[in-house]
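# Structural overview for review
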Amino acid sequence: MGSAMGERDHRRQRWAARGALAAVALAALLPLVSGGLKGLLLLLAGLVGLALTAAALWWVLSRRGPARMAAAVLAVVAPVGVITLFAAANLIWVVFASLLLWCLAVWSGRYALRSTGLRPMRVKEYRTPPPRRPFILLNPRSGGGKVEKFSLKEKAEELGAQVVLLDPDHHQDVTALAKAAVADGADLLGVAGGDGTQAMVAAVAAEHGLPFLVISAGTRNHFAMDLGLDRDDPSTCLDALTDGVELRVDLGFADGRPFVNNASFGVYGAVVQSPGYRDDKVGAALERLPELLTRQSGPRLTASADGTTIADPQAVLVSNNAYRMDDPFGFGRRERLNSGKLGVLAVRVDSAVEAAELLLSPRPEGLTVLTAQHVVVDADEPHLEVGLDGEALTLPAPVHCRIARRALRVRVPRNRPGVPEAPPRLEWRRLRKLAAAVGRTAAPARSRRS
């Protein structure tokens, strides 16, 4: 019976791959079949419209005054004009039909690849005794007041934690507070705050080999998201104090400064330094970007990642493990936090043509994506502006980034939402092989080791 079920699974796999390839072919041919020469011309017009939209967005970011306004108008007019052309030719249904076929191709292709036996990497959980003297820092301003909204202080104290409520009107050194707690006998360090605050306390926990508790009370909480914690109700994170398990995850460092998410150099590193950035992120970015993107201000960067040199990028993002780049629904997520490698994303765009290529080409020359254990970011100036987990810093150049593999013991609730399983990458070559297979196909199972 097992053999028959396996054969049925492989048959579904083959037909799903064939369906994906057929849907792609139909999506490409539908404008030609439905409109003939007119359909071909409209297809070309659509591609030109997309290129114009991408170029216009570049001009919006890199220009000021009337030129920016004109570019903003073009960014709206170009796609609207393409839709109008298809509607005038009574072929607007072709656009929607092609989009549906592409969606079907993606779904069917992922189904086929998901059923090849490749299993997702799972993070090993360690069962350890509950802490006896937990110490937790709470930032009352974080996340728009989530600490008070969810009564985190009262709930943590009921569970036996020593709680320090940070003073929002006076700067406090959270690293010093965490070290003092360790000296006083704390056997767990926890934080309810932004990712920058999380990173500083996490470094103290890693240094002393103590478990670290993440309470998702920040605004975005990317680290909590990639740990699979509940970001809607941060009080559930406190369940880890009584019914928790530990995960071993990596911790990034930029010249000794810890980060749980990323270190940004270049454009974002400069924008985050703007005085009005916290209150008006979009306005601050539009004010600084023209000079930064056209290289009228800011340092010239050079990045080196395990021997690979990236020359003169406008932006470099070094992340604690690599971000997904192939899935728009999972963009900005990390498949794992314990690979022992930094993710590197570098962008260089010097013209509207290159901006269009960045958005339209599957492999644009201006985009570098790789992983490395050691990254050095240098500049033609003595200091570099850095956005470290969203916090503005200035560090002497060059900045050395490294990763401490599985240095951090993160204690999480045993019952938690978890990280959504990442869909398999669409590899058309593999789909072609699956579709052409006649008999049973097999694929080696990915190791479960983490």
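Refer to the structure presented above.
Below is a summary of the structure that appears in this document. (Residues numbered from 1 in each chain as written. Predicted model: local features only at pLDDT ≥ 70, side-chain atom pairs only at ≥ 80, totals over all residues. Heavy atoms only, no water.)

## Some thoughts on the pattern of salt bridges
Per the counting criterion, the structure on display carries 14 salt bridges. One salt bridge connects Arg295 with Asp312, and the closest N-O pair in it is separated by 3.3 Å. On the criterion of sequence distance, the pair formed by Arg295 in the loop between α10 (281-293) and β8 (301-305) and Asp312 in the loop between β9 (308-311) and β10 (315-320) is long-range, its members being 17 residues apart. Judged by its relative accessible area of 19%, Arg295 is buried. Linked by salt bridges that have partners in common, Arg295, Arg300, Asp312, Arg348 and Asp350 make up one network. (Salt bridge = Lys/Arg side-chain N within 4 Å of Asp/Glu carboxyl O. Helix = DSSP H or I, 4+ residues; strand = E, 2+ residues; numbered from the N terminus. Buried < 20%, exposed > 50% of the residue type's maximum accessible area, 1.4 Å probe, protein only.)

## Topic: the packing of aromatic side chains
In this structure the tally under the stated criterion is one aromatic pair. Ring centres of Trp107 and Tyr111 lie 5.9 Å apart, and the angle between their planes is 15 degrees; this geometry places the pair in the stacked category. With a gap of four residues between them, Trp107 and Tyr111 both fall in helix α3 (residues 92-114), about one helical turn apart. Trp107 gets classed as exposed once you look at its relative accessible area, which sits at 59%. (Phe/Tyr/Trp six-rings, centres within 6.5 Å; stacked < 30°, edge-to-face > 60°.)

## A short note on a positive patch on the surface
A cluster of like positive charges, contributed by Arg363, Arg429, Arg432 and Lys433, occupies part of the molecular surface. Along the chain, Arg429 falls in helix α12 (residues 428-436). Given a relative accessible area of 61%, Arg429 falls into the exposed group. (Patch = residues over 30% accessible without salt bridge, like charges linked within 9 Å, V, L, I, M, F, W, Y side chains within 5 Å. Areas by Shrake-Rupley, 256 points an atom, 1.4 Å probe, with all protein chains shown as cover. Lys, Arg positive; Asp, Glu negative; His and termini not counted. Charge placed at Lys NZ, Arg CZ, Asp CG, Glu CD.)

## Structural notes on the environment of Val347
The residue Val347 is located in strand β11 (residues 342-347) in this model. The spacing of Val347 and Ile310 is 37 residues in sequence and 9.4 Å in space, taken between C-alpha atoms. With near-sequence residues (within four places) excluded, Val347 lies in contact with Pro313, Gln314, Ala315, Leu358, Gly366 and Leu367. (Contact = heavy atoms within 4.5 Å.)

## Regarding the packing of helix α6 (residues 174-183) against helix α7 (residues 195-208)
At a minimum axis separation of 9 Å, α6 and α7 run at an interaxial angle of 30 degrees. On the basis of their axis angle, the class for α6 and α7 is roughly parallel. Remark: the crossing between α6 and α7 carries right-handed chirality. Facing Val174, Thr175, Ala178, Lys179 and Val182 of α6, the residues of α7 in contact are Thr197, Met200, Val201, Val204, Glu207 and His208. A per-class count over the contact of α6 with α7 returns six nonpolar, three polar and two charged. (Axes fitted to C-alpha atoms, helices over the stretch in contact; angles between N-to-C directions. Parallel < 35°, antiparallel > 145°, perpendicular 65-115°, else oblique. Left-handed = near helix turned anticlockwise from the far one by under 90°. Nonpolar A, V, L, I, M, F, W, Y, C, P; charged D, E, K, R; others polar.)

## Observations regarding the sheet that holds strand β14 (residues 383-388)
Pairing within the open sheet is antiparallel, and its six strands lie in the order β12-β11-β10-β7-β14-β15. Edge strands, defined here as strands with exactly one partner in the open sheet, are β12 (367-372) and β15 (391-396). Within this sheet the neighbouring strands show an average axis-to-axis angle of 20 degrees, counted without direction. Pairing geometry for β11 and β12, over six bridges, is antiparallel. (Pairing = 2+ DSSP bridges.)

## As for unusual backbone geometry
Of the consecutive residues Ala397 and Pro398, the connecting peptide bond is found in the cis state with omega at -5 degrees. In the Ramachandran plot, Asp306 falls in the positive-phi region, its phi being about 50 degrees despite a non-glycine side chain. Note on placement: Asp306 falls in the loop between β8 and β9. The phi dihedral of Asp312 falls on the positive side, at around 55 degrees, and the residue is not glycine. When its relative accessible area of 14% is taken as the criterion, Asp312 is described as buried.

## Looking at helix α11 (residues 352-360)
Each α-helix winds once per 3.6 residues, and so residues spaced three or four apart point in a common direction. Considered for burial, the residues of α11 that qualify are Ala352, Ala355 and Ala356. On an axial view of α11, the arc spanned by its buried residues comes to 100 degrees, and they lie on one face. (Arc of directions from axis to C-beta.)

## A look at the nonpolar core
Ranked by size, the top nonpolar core spans 51 residues in total, and within it Ile136, Leu152, Leu189, Phe212, Ile215, Phe223 and Leu227 carry the most contacts. In terms of residue count, α7 provides more of this core than any other element does, six residues in total. Every residue in contact with Leu189, bar those within four places of it in the chain, is listed here: Phe135, Ala178, Ala181, Val182, Val201, Val204, Ala205, Leu210, Pro211, Phe212 and Leu213. (Core = buried A, V, L, I, M, F, W, Y, C linked by side-chain atoms within 4.5 Å.)

## Quick notes on the pairing of strand β4 (residues 211-215)
Burial of β4 is extensive: five of the five residues sit out of reach of the surface. Relative to β4, strand β3 (residues 188-192) runs parallel, the two being bridged by four bridges. Counterpart to Val191 in the pairing with β4 is Val214. Tracing the backbone out of β3, into α7 and back to the parallel element β4 gives a crossover that is right-handed. In this sheet, strand β16 (residues 399-413) lies alongside β4 in parallel orientation, the contact comprising three bridges. Directly across from Pro211, in β16, lies its bridge partner Arg409. (Right-handed = clockwise from strand over helix to strand, strands pointing away.)

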